[in-house]
Amino acid sequence: MLKYAIIALITLELVLLSALVKVPANANIRDPEIFTWDYASLSNTQVVCKKVVFHPTNRWIPESSDMEPININSLVVNDSYCSNLTKPV
């Protein structure tokens, strides 16, 4: 009887551990992106709509810093993406 109780407990433990360790579904997490009005380049006065995407990176940062390492990529897009934003003068 004791042997069956021990086998049942070990089986229950294995079932619970396998249920807790399951890998979540393959969900795609998109990088944060925003649309904003900005200058086309540093020396240019033309204002364009840009899509700015933030990619987390694995670079080293001092522990005393409260920032996270990221790469920022921007791309000029159609003005319709910024149509709900106020265009700077």
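As shown above, the structure is provided for reference.
Residues numbered from 1 in each chain as written. Predicted model: local features only at pLDDT ≥ 70, side-chain atom pairs only at ≥ 80, totals over all residues. Heavy atoms only, no water.

1. A few points about the nonpolar core
Listed in full, the 5 residues of the largest apolar core are Trp 37, Val 47, Cys 49, Val 77 and Cys 82. When sequence neighbours within four positions are dropped, the list of residues in contact with Val 77 reads Phe 35, Cys 49, Lys 50 and Lys 51. (Core = buried A, V, L, I, M, F, W, Y, C linked by side-chain atoms within 4.5 Å. Buried < 20%, exposed > 50% of the residue type's maximum accessible area, 1.4 Å probe, protein only. Contact = heavy atoms within 4.5 Å.)

2. Points about the pattern of salt bridges
Summed over all chains, the structure comprises 1 salt bridge. Between Asp 38 and Lys 50 there is a salt bridge whose closest N-O contact spans 4.0 Å. In this pair, Asp 38 sits in strand E1 (residues 33-39) while Lys 50 sits in strand E2 (residues 47-56), placing the two residues 12 residues apart along the sequence. Residue Asp 38 is classed as partly exposed on the basis of its relative accessible area of 35%. (Salt bridge = Lys/Arg side-chain N within 4 Å of Asp/Glu carboxyl O. Helix = DSSP H or I, 4+ residues; strand = E, 2+ residues; numbered from the N terminus.)

3. Comments concerning the state of the cysteines
Scanning the model with the defined rule gives 1 disulfide in all. Each sulfur of the disulfide joining Cys 49 and Cys 82 lies 2.0 Å from the other. Across the disulfide from Cys 49 to Cys 82, rotation about the S-S bond amounts to roughly 75°, and the bridge is consequently right-handed. Of this pair, Cys 49 sits in strand E2 while Cys 82 sits in the segment after strand E3 (70-77), placing them 33 residues apart in sequence. Cys 49 sits in the buried class, given a relative accessible area of 0%. For Cys 82, a relative accessible area of 0% translates into the label buried. (Disulfide = S-S within 2.5 Å.)

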